[in-house]
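Chain residues, written in single-letter form:
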Amino acid sequence: MFKNFAFQNPFRILGLQVILLILALVSFNGVSSLRAQNVLTQAEKDEGWKLLFDGKTIEGWRSYANDSFPESGWVIEDGTLHKQGGVKYGDIMTVDTYEDFEFAWEWKLEQGGNNGVKYFITAERGAPIGHEYQMIDDATTEDQLSSSASFYLVVAPNAAKPLRPPGEWNSSRIVVSGNRVEHWLNGAKVLSYDCGSPEILEKVANTKYKKFPGFGNKVSGHIMLTDHSDACWFRNLKIRTWE
């Protein structure tokens, strides 16, 4: 006798569909939600990765303005480094400097939020100026040079970038090898450029950065998490370097 499985097991089929939907949503929001946060796997350790935030302390970070860490505004909250909104508390940056590196982190913004990660930060410039990986609610800007994952004001990202909306976690990477720089977003390379190239220096000359000698060239510098007064959350910050 022929038996219709779907009619005999409707609840089993429905349960399977629910499980598949949950797995799809988890995959969409990133596999990091399935693993422990702010820890390195053995494979990552073998590849040379080092944590820059363990979810418990701010060791390795300092204020841009002085050697201490801001007394307020940047707080550790539920395993995240939370830049509180509403007040400008100041930029923070790594204690160490880096030249050739891969920096990876996860971040999320509030609706309408704006923040960024800057690299090549040096004291010689006398200002918290560096190449910036822009992090912003793209609904607030029509300029691709100011959109998320851009080299702010200089190089626009791929228009088809896989950006997730405010309130959801994004995963980003900055890769610097020689003069070559890449910006990655949620597993996709969204732009690349060459430090010091005629193309980049010509673009810099048309921005506010033109008043900073040498901007657009590669330098050894700090990595900075900026304070644009909006709330922002960071986790899984890690770095690896090479010669």
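Our subject is the structure listed above.
Since the structure is predicted, the reported quantities are computational estimates derived from the model, not experimental observations.

Rules used throughout
Residues numbered from 1 in each chain as written. Predicted model: local features only at pLDDT ≥ 70, side-chain atom pairs only at ≥ 80, totals over all residues. Heavy atoms only, no water. Pairing = 2+ DSSP bridges. Helix = DSSP H or I, 4+ residues; strand = E, 2+ residues; numbered from the N terminus. Buried < 20%, exposed > 50% of the residue type's maximum accessible area, 1.4 Å probe, protein only. Axes fitted to C-alpha atoms, helices over the stretch in contact; angles between N-to-C directions. Contact = heavy atoms within 4.5 Å. Phe/Tyr/Trp six-rings, centres within 6.5 Å; stacked < 30°, edge-to-face > 60°. Core = buried A, V, L, I, M, F, W, Y, C linked by side-chain atoms within 4.5 Å.

Engineer: When you look at the pairing of strand β9 (residues 170–177) in this model, what are you seeing that I'm missing?
Structural biologist: Walk down a regular strand and you will see the side chains alternate between the two sheet faces. With seven bridges joining them, strand β6 (residues 101–109) and β9 adopt antiparallel strand pairing. Its bridge partner being in β9, A104 is matched across the sheet by R173. The hairpin formed by β9 and strand β10 (residues 180–185) contains two residues between the paired strands, and G178 there has a positive phi angle of roughly 65°.

Engineer: When you look at unusual backbone geometry in this model, what are you seeing that I'm missing?
Structural biologist: Glycine aside, negative phi is the norm for most residues, and most peptide bonds take the trans geometry. Here the phi dihedral of D78 falls at roughly 55°; this positive angle occurs in a residue that is not glycine. In this structure, D78 sits in the loop between β3 (74–77) and β4 (80–83). For D78, a relative accessible area of 79% translates into the label exposed. The phi dihedral of N236 is positive, around 55°, even though this residue is not glycine. Relative to the helices and strands, N236 is located in strand β13 (residues 232–241).

Engineer: Explain the sheet that holds strand β12 (residues 222–225) here, please?
Structural biologist: Strands pair in a sheet through their backbones, by hydrogen bonds, and they do so in one of two ways: parallel or antiparallel. In spatial order, the strands read β2-β5-β12-β7-β8; together these five strands make up an open sheet with antiparallel pairing. Pairing within the sheet leaves two strands with one partner each, and these edge strands are β2 (61–63) and β8 (131–136). For this sheet the average axis-to-axis angle between neighbouring strands, irrespective of direction, equals 25°. Sheet topology places strand β5 (residues 92–94) next to β12; two bridges connect them, and they run antiparallel. Counterpart to M93 in the pairing with β12 is M224.

Engineer: Is there a simple way to think about the environment of D138 in this case?
Structural biologist: Within the secondary structure, D138 sits in the loop between β8 and β9. For D138, a relative accessible area of 22% translates into the label partly exposed. Remark: the alpha-carbon pair of D138 and P166, spanning 28 residues in sequence, is separated by 9.2 Å. Once residues within four sequence positions are removed from consideration, D138 is found in contact with S147, S148, K161 and L163.

Engineer: When you look at the packing of aromatic side chains in this model, what are you seeing that I'm missing?
Structural biologist: Pairs of aromatic rings are described using the distance from one ring centre to the other and the angle between the two planes. Under the definition given, this model contains eight aromatic pairs. One aromatic cluster in this structure is built from F151, Y193, Y209 and F215.

Engineer: Quick question: what am I supposed to make of the nonpolar core here?
Structural biologist: Considering soluble globular proteins, one finds that nonpolar side chains tend to be buried as a cluster. Of all hydrophobic cores here, the largest spans 44 residues; its most connected members are F101, W105, V117 and F234. Examining the composition of this core, we find that five residues originate from one element, β6, more than from any other. Residues within four places of V117 in sequence aside, it is in contact with F103, W105, H131, E132, Y133, M135, I174, I223, M224, L225 and F234.

Without other data, these values stay purely geometric and don't point to any function.
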